[in-house]
Amino acid sequence: MPYNYIAYHFSVVPREPWEEILLAQLQALPFESFEVRDEVLHAYIPENLHHEDFLKEISLLNNTNNIKITCSQHFIKAENWNTQWESNFQPIKVGEDCIVRADFHPPTGKRYELVINPKMSFGTGHHETTFMMLEYGLAISFEGLSVLDMGCGTGVLGILASIKGAKKVRAIDNDPWCVENALENAVINDCQNIQIELASSLQANSEEFDLIFANINRNILVEQIPSYSNALKNEGILLISGFYQEDVNLLLDTASPFGFELLEEKNKSLWYALKCKK
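Report on the accompanying structure. (Residues numbered from 1 in each chain as written. Predicted model: local features only at pLDDT ≥ 70, side-chain atom pairs only at ≥ 80, totals over all residues. Heavy atoms only, no water.)

1. Remarks on the sheet that holds strand β7 (residues 112-115)
Convention followed: Strand pairing is assigned whenever DSSP identifies at least 2 bridges connecting the two strands. Where helices and strands are cited, they refer to DSSP runs of H or I of at least four residues and of E of at least two residues respectively, numbered from the N terminus. Fitted lines through C-alpha atoms give the axes, limited to the stretch in contact for helices. The angle between two N-to-C directions lies from 0 to 180 degrees.
Sheet architecture is open: three strands sit in the order β5-β6-β7, paired in mixed fashion. The open sheet has two free edges, formed respectively by β5 (92-94) and β7, since each of these has just one partner strand. On average, each strand axis in the sheet is tilted by 20° relative to the strand beside it, whichever way the strands run. Bridge count between β5 and strand β6 (residues 98-101): three bridges; the pairing is antiparallel. Looking at the pairing, I92 lines up with V100 of β6.

2. Details of the packing of aromatic side chains
Where we set the bar: Aromatic pairs are defined between Phe, Tyr and Trp rings, using the six-membered ring for Trp, whenever the two ring centres lie within 6.5 Å; interplanar angles under 30 degrees are classed as stacked, those over 60 as edge-to-face, and all others as tilted. Whether a residue is buried, partly exposed or exposed follows from its accessible area with a 1.4 Å probe, protein chains only, as a fraction of its type maximum: under 20%, in between, or over 50%, in that order. Placement of a charge over a ring requires the Lys NZ or Arg CZ to be within 6 Å of the ring centre, with the centre-to-atom vector within 35 degrees of the ring normal.
Applying the stated criterion to the full structure yields six aromatic pairs. Taken together, a centroid distance of 5.9 Å and an interplanar angle of 10° make the contact between Y8 and F10 stacked. The two residues Y8 and F10 agree in class, both being buried. The positively charged end of K266 is found above the aromatic ring belonging to Y136, 5.0 Å away from the centroid. Over the ring of F131 we find K268; its NZ or CZ atom is 4.6 Å from the centre of that ring.

3. Observations regarding the sheet that holds strand β2 (residues 33-37)
If you walk across this open sheet you meet the four strands as β2-β3-β1-β4, and the pairing is antiparallel. Both edges of this open sheet fall to β2 and β4 (68-76), since each of them pairs with a single strand only. Sheet twist, expressed as the average angle between the axes of neighbouring strands with direction ignored, equals 20°. Summarising the sheet, strand β1 (residues 5-13) and β4 pair through nine bridges and their orientation is antiparallel. Counted as the bridge partner of Y5 is I76 from β4.

4. Quick word on the side chain of S241
Definition in use: Nitrogen and oxygen atoms within 3.5 Å of one another constitute a polar contact, given that in protein one can donate a hydrogen and the other can accept it, and given that sequence-neighbouring residues count only through two side-chain atoms. When checking whether two residues touch, look at their non-hydrogen atoms; a contact exists if any pair is within 4.5 Å.
With respect to the secondary-structure elements, S241 resides in strand β12 (residues 232-244). Here Y272 takes part through its backbone oxygen, which lies 2.7 Å from a polar atom of the side chain of S241. Beyond its immediate stretch of four places on either side in the chain, S241 contacts T129, M132, M133, A214, N215, I216, N217, L221, Y272 and A273.

5. Some words on the packing of helix α6 (residues 218-231) against helix α7 (residues 248-255)
So the rule is basically this: Between 65 and 115 degrees an angle is taken as roughly perpendicular, under 35 as roughly parallel, over 145 as roughly antiparallel, and anywhere else as oblique. Residue polarity is assigned by list, with Asp, Glu, Lys and Arg as charged and Ala, Val, Leu, Ile, Met, Phe, Trp, Tyr, Cys and Pro as nonpolar; anything else, Gly included, falls into the polar class.
Orientation of α6 relative to α7, taken along the N-to-C sense of each, is 10°, at an axis distance of 9 Å. Judged on the interaxial angle alone, α7 and α6 are roughly parallel. Where α6 approaches α7, its residues R218, L221, V222 and I225 are matched on the opposing element by L250, L251, T254 and A255. Across the contact of α6 with α7, the residue classes break down as six nonpolar, one polar and one charged.

6. Here we look at α7
Threshold: Within this analysis, the arc is defined by the directions that extend from the helix axis to the C-beta atoms.
The set of residues buried in α7 consists of V248, L251, T254 and A255. With its buried residues spanning 135° around the axis, α7 presents them on a single face. Of the exposed residues in α7, the ones pointing more than 90 degrees away from its buried face are N249 and D253. Of the surrounding secondary structure, the elements contacted by the buried residues of α7 are α6, β12, β13 (261-268) and β14 (271-277).

This is the structure in C-alpha cells:
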C-alpha cells in the first residue's frame, strides 16, 4: 500500500547561509525527500515515520536571534498524489538526447525517451539529484554492463541503463509502492532485463556489478558505502547523490578507505552528486 506523507514547508530569512544549515540539520531526521521551490524549503516524510515532537532536536529552529524561520505542514493522502502530480507534471529534457515524460504525454522522438509514471515514487528528473544522475548515465556506455540501482524509486535510472544496453539491471527499494511502481515502469519501457526487489540493503554475498547508482541521502550512503564496495567490481563506477556541499567531504572520507577515488563532482542548486571509481 502507498504511504501517506507529511509535508513541511520552511521559509528562512535571511536564506544564506541559514537555509543550507537547516537542510543539513533536517537530514538527521528520516525525511524522504527535499526540494527548494519558490524560496521555500519543502521536506517530505512518510506518516508512519512522523511523531508529535518530530522537529524538537533541530537546534536552528530555536535560534531567534539572527534568523526568522516560519514552518507549516500539511497532510498528503496517498490517493491524492497522482492527481497532484498529473496536474503539474511536464516532460523533463536532460541534454539533447533524453526526455522523461509520462504515458499521457505525446512521444517526442528523442533517442532516449523514458516513460515514467511515478505515482507515490520519487524519480522523474524534476528533482536536481535525479537530473544529475541521469546526466551521469547519459555520458556512460552501458553496453554489456551489470548495473545496480539502490533506492530505485520509479526505476528511472535502471531503465536508462537498460535502454542504453546494460546486460543486467538489479533495482532495489525498501518501499513496496516503489517496487510496484518500478515494475510497472519497466514494463512500459519494455525493459525485460531489470530485476526489481524489495530490500533495504545488499546482502553480504551479493553479486558483483560494473556500476552502482545510489541516489538516496547522506546518512544511508555513509552506512551503505562498505556494501557498495563489496558489490562493485575493480575499476567499477559508483554514482551517488542526495546530499549537499557540506556532506561531500564526509562521503569522500567514508569512501576512500574502501578504495574509491573521486572522478567527477556535479552540483545543481544546493544538491551535489559524485562519480567515483573503485
